[in-house]
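Below are the chains, spelled out letter by letter.
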2 protein chains.
Amino acid sequence: MKLGIIGLGLIGGSIAKDARTSGFASTIVGYDKNKQHINEALSLGLIDNAETIANMNATVDLIIVAIPVDVARNVVVDLLNQESGIATITDVGSTKSGICKRIENHPKRQMFVAGHPIAGTENAGPSAAVDHLFNNKTVILCEQEKSSKASFDLVKNLYIKLVANIRLMDAEDHDRHMAYVSHLSHISSFALGLTVLDMEKNEKTIFDMAGSGFSSTVRLAKSSPEMWTPILEHNSEYLIPALEQYIDQLQDFKTFLKHKKTADIYQLMANANEIRRILKGDIQNG
Amino acid sequence: MKLGIIGLGLIGGSIAKDARTSGFASTIVGYDKNKQHINEALSLGLIDNAETIANMNATVDLIIVAIPVDVARNVVVDLLNQESGIATITDVGSTKSGICKRIENHPKRQMFVAGHPIAGTENAGPSAAVDHLFNNKTVILCEQEKSSKASFDLVKNLYIKLVANIRLMDAEDHDRHMAYVSHLSHISSFALGLTVLDMEKNEKTIFDMAGSGFSSTVRLAKSSPEMWTPILEHNSEYLIPALEQYIDQLQDFKTFLKHKKTADIYQLMANANEIRRILKGDIQNG
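Here the structure is a predicted model, which means the values were calculated and not measured.

Cut-offs used in this document
- Residues numbered from 1 in each chain as written.
- Chains lettered and ligands numbered in written order.
- Predicted model: local features only at pLDDT ≥ 70, side-chain atom pairs only at ≥ 80, totals over all residues.
- pLDDT = per-residue confidence, 0-100.
- Pairing = 2+ DSSP bridges.
- Helix = DSSP H or I, 4+ residues; strand = E, 2+ residues; numbered from the N terminus.
- Right-handed = clockwise from strand over helix to strand, strands pointing away.
- Buried ≥ 20, exposed ≤ 12 C-beta atoms within 10 Å, placed from the backbone.
- Contact = placed C-beta atoms within 7 Å.
- Expected span 1.5 Å × (residues − 1).
- Arc of directions from axis to C-beta.
- Axes fitted to C-alpha atoms, helices over the stretch in contact; angles between N-to-C directions.
- Left-handed = near helix turned anticlockwise from the far one by under 90°.
- Nonpolar A, V, L, I, M, F, W, Y, C, P; charged D, E, K, R; others polar.
- Least-squares fit on C-alpha atoms with pLDDT ≥ 70 in both.
- Core = buried A, V, L, I, M, F, W, Y, C linked by C-beta atoms within 7 Å.
- Domains from an automatic or database assignment.

Explain the confidence of the model for chain A to me, please; I cannot follow it from the model alone.
Regions with low pLDDT carry predicted coordinates that are not meant to be interpreted in detail. Residues with a pLDDT of 70 or more make up 100% of chain A, whose mean pLDDT is 95. This prediction of the complex comes with two scores: 0.92 for pTM and 0.91 for ipTM.

Help me out: how do you make sense of the pairing of strand β8 (residues 165-169) of chain A in this one?
Two faces belong to every sheet, and in a regular strand the side chains alternate between them. Residue and element names in this part refer to chain A. In terms of strand pairing, strand β7 (residues 138-142) meets β8 through five bridges, oriented parallel. Within β8, the position partnered with Val139 by the bridge is Ile166. In this fold, the crossover linking β7 to β8 by way of helix α6 (residues 149-161) has right-handed handedness.

Before we go on, may I ask you to explain the environment of Ala242(A) in this structure?
With respect to the element layout, Ala242(A) can be found in helix α11 (residues 236-258). Residue classification places Ala242(A) among the buried positions, given that 22 C-beta atoms sit within 10 Å. The spacing of Ala242(A) and Val181(A) is 61 residues in sequence and 9.8 Å in space, taken between C-alpha atoms. Residues within four places of Ala242(A) in sequence aside, it is in contact with Ala179(A), Tyr180(A), Leu184(A) and Thr195(B).

Any chance you could explain the interface of chain A and chain B here in plain terms?
How large an interface is tends to be reported as the accessible area lost when its parts come together. Listed by partner, the interface residues are 86 residues for chain A and 86 residues for chain B. Breaking the side of chain A that touches chain B down by element, the ones donating at least two residues are α7 (171-199), α8 (203-209), α9 (212-218), α10 (225-234), α11, α12 (262-272) and α13 (274-280) of chain A. The element contributing the most residues to the side of chain A that touches chain B is α7(A), with 21 residues.

Help me understand helix α4 (residues 69-81) of chain A, please; the structure alone is not making it clear to me.
Residues and elements named next belong to chain A. Counted at 1.5 Å a residue, the expected span for α4 with its 13 residues is 18 Å, and the 18 Å between its end C-alpha atoms agrees. Within α4, burial applies to Val69, Ala72, Arg73, Val76 and Leu79. Relative to the axis of α4, the buried residues are bounded by an arc of 135 degrees and lie together on one face. Along α4, the residues that are exposed and aim more than 90 degrees away from the buried face are Asn74 and Asn81. Buried residues along α4 sit against α3 (53-59), β4 (62-65), β5 (88-91), α5 (97-102), β6 (112-117) and α10.

Could you clarify how one ought to interpret the packing of α7(A) against helix α12 (residues 262-272) of chain B in this entry?
Two numbers describe a pair of packed helices, the interaxial angle and the distance between the axes. In the contact formed by α7(A) and α12(B), the axes pass within 8 Å of each other and the chain directions differ by 65 degrees. Note that α7(A) runs across α12(B); the crossing there is left-handed. Where α7(A) approaches α12(B), its residues Phe190(A), Gly193(A) and Leu194(A) are matched on the opposing element by Leu268(B), Met269(B), Asn271(B) and Ala272(B). Residue classes in the contact of α7(A) with α12(B) are distributed as five nonpolar, two polar and no charged.

How should the sheet that holds β7(A) be read in this particular structure?
Residue and element names in this part refer to chain A. Read across the sheet, eight strands follow the order β3-β2-β1-β4-β5-β6-β7-β8 without closing on themselves; strand pairing throughout is mixed. Of all strands in the sheet, those bounded by a partner on one side alone are β3 (49-50) and β8. As defined by bridge partners, β5 adjoins β6 across two bridges and the pair is classed as parallel. Directly across from Thr90, in β6, lies its bridge partner Val113. Sheet strands touched by α4: β1 (2-6), β4, β5 and β6. Its angle to β5, the strand with the most contacts, is close to 175 degrees. The sheet contacts of α7 involve β6, β7 and β8, and relative to β7 the element is tilted by about 140 degrees.

What's the story with the relation of the copies chain A and chain B in this structure? I'm lost.
Each of the two copies of the chain can be brought onto the other by a rotation about an axis and a shift along it. When chain A is fitted onto chain B, the two copies agree to an RMSD of 0.0 Å after a turn of 180 degrees and an axial shift of 0.0 Å. Taken together, these values place the two copies in the relation of a two-fold axis. When C-alpha positions in chain A are compared against the rotation axis, the closest is assigned to Thr217(A), at 2.2 Å. By residue overlap, the copies meet face to face through one surface: 100% of the interface positions of chain A are interface positions in chain B.

Would you explain unusual backbone geometry in this entry?
Peptide bonds are trans in most cases, and residues, glycine excluded, mostly fall at negative phi. Positive phi values are uncommon outside glycine, yet His132(A) reaches one of about 60 degrees. Residues other than glycine seldom take positive phi values, yet Glu143(B) does so here, at roughly 50 degrees.

Whenever I open this one, the nonpolar core confuses me. Can you help?
Ile5(A), Ile63(A), Ile5(B) and Ile63(B) are the most contacted members of the largest nonpolar core, which has 188 residues in total. Look past the residues within four positions of Ile5(B) in its chain and what remains in contact with it is Gly12(B), Ile15(B), Ala16(B), Ile28(B), Gly30(B), Ile47(B), Ile64(B) and Ala66(B).

Is there a simple way to explain the sheet that holds strand β6 (residues 112-117) of chain B in this structure?
Backbone-to-backbone hydrogen bonds pair the strands of a sheet. The strands run either parallel or antiparallel. Residues and elements named next belong to chain B. Pairing within the open sheet is mixed, and its eight strands lie in the order β3-β2-β1-β4-β5-β6-β7-β8. In the strand order of this sheet, the two ends are held by β3 (49-50) and β8 (165-169), each with one partner. Of the strands in this sheet, β1 (2-6), β2 (27-31), β4 (62-65) and β6 touch helix α1 (residues 10-21), which is tilted by about 165 degrees from β1.

How should the pairing of strand β2 (residues 27-31) of chain A be read in this particular structure?
All names here are of chain A. Among the five residues that make up β2, four are buried, leaving the element largely enclosed by the rest of the structure. Pairing analysis gives five bridges linking β1 to β2, with the strands arranged parallel. Bridge pairing in β2 links Gly4 to Val29. Handedness of the β1-helix α1 (residues 10-21)-β2 crossover: right-handed. With two bridges connecting them, β2 and β3 associate as parallel partners. Residue Gly30 lies in a different strand from β3, and its bridge partner there is Ala50. Assessed by its sense of winding, the connection that carries the chain from β2 through helix α2 (residues 35-43) to β3 is right-handed.

So what exactly am I meant to see when it comes to the domain arrangement of chain A here?
All names here are of chain A. Under the domain assignment, chain A is made up of domain 1 (2-169) and domain 2 (173-280). At the junction of the two partners, domain 1 supplies 14 residues and domain 2 supplies 16 residues. Breaking the side of domain 1 that touches domain 2 down by element, the ones donating at least two residues are α4, α5 and β7. In terms of residue class, the side of domain 1 that touches domain 2 is made up of six nonpolar, five polar and three charged.

Can you help me understand the environment of His132(A) in this one?
All names here are of chain A. Summarising the element assignment, His132 is placed in the loop between β6 and β7. Look at His132 and you get partly exposed, because 15 C-beta atoms sit within 10 Å. Separated by 31 residues in sequence, His132 and Val163 place their C-alpha atoms 8.2 Å apart.

What follows is the structure, encoded as structure tokens:
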């Protein structure tokens, strides 16, 4: 099995690591628009050889497109357009309906599998790649019926080798859920970072007074704007209402604080505490 | 050195652990309004004996009041009122100006040291106590000039033994900074938890799709309402404007998303990225 990876960052690099050690891929070639990333990926042993996008498609079995979602769409279309292309193509983007719509009528649509492994850190680049990143994480695969069985099974087998849990989902459902469970978290964290930076001009005070709570809540504010700008833009349809609901919740806190409605503040927090049970996996419905 | 602890939870219990292993305290007695917590603290070896609030003050050198900030105020006043009281008294609350104002004219004000160790987790109770919780964390001590030198030095020495970094601060400054760097984080997290719980009625979907990003951002939503309701209430003067600024930042994201102002969204995130450098301790001013 020969694997090609376009985008040698955290996700592409981490897939390379486990695809190799699990035995899924015997050879891995890669491309990144940043030449330094190619060199790093070579010296870290993530890839065996560098390869151009043009040549990759005729020589590998599977191509992972692991680049920001706006560029990914174009690259996927370019790959499908290549007449010599024989590889199955999959992406890892945080939004799925845009890319699916973009290629829905492409004659080679069935060579593409829409994927989203829900894993990552706030770090970027080949050096951010880690072993076992997808171990016991969820991977969403969308529009199974539009991929050929061979292509779908190939991508499914990759993620099985990476010890991920596969869940099938409609692309629109995926995007709606991600708006709440992922994209909103990022905005809440970016906005928290901005608020504190705005108010606290003394950096030493932020450093000294930041407990583990602030560090945890603001962690996603370290995320890459290159990656996140197109995600937020592509998912604005679902994200804007999510953001509005979030702001409403914050307004409730503010109103209750202003009017010293202590019992109401307590109740909001007690309700939010339910998230502890759910994140532990103690599911009461579903 | 005999130590008394009122409130055998995460903070009180963790102080007990390190006070004992560091050799700061030879005997530790404790009180908690919850009898089960007393029993747990005894069986975990956090305290040697249970003791009433009434008796503690006449028999120990130092009392740590580690209970929610609303009750803490009353208990500190009660302790100072005890004629037989010989102990230095310190608290660990997340708000400082309220308790300082409450006792500013008390004839025994100098027996009290206003403290706030900035450390913790989202867990509660004696079983949440951990070793080395304060190691290399910041402890804010307020209004040094209103404590006797003996009392102040005793509390300072405790935290030195706990390997914490002591920083002196005005009580109002403390509360203003905490509104941004801690209390706002908690509200942002509680509100995020509420928004997701509200929208995602299927708990399995939350569990499956929650990446480490959501888990990190929503972690503080697991925090105790008993502890956090009075903190937010007591610090509403500084917290309401902080919350307003936070909502403004979120509104900016929403406006830019609505009008597809991609460059502006990118710039907000790039600005927020500065928090990475500061939290690493690479301080450019301060």
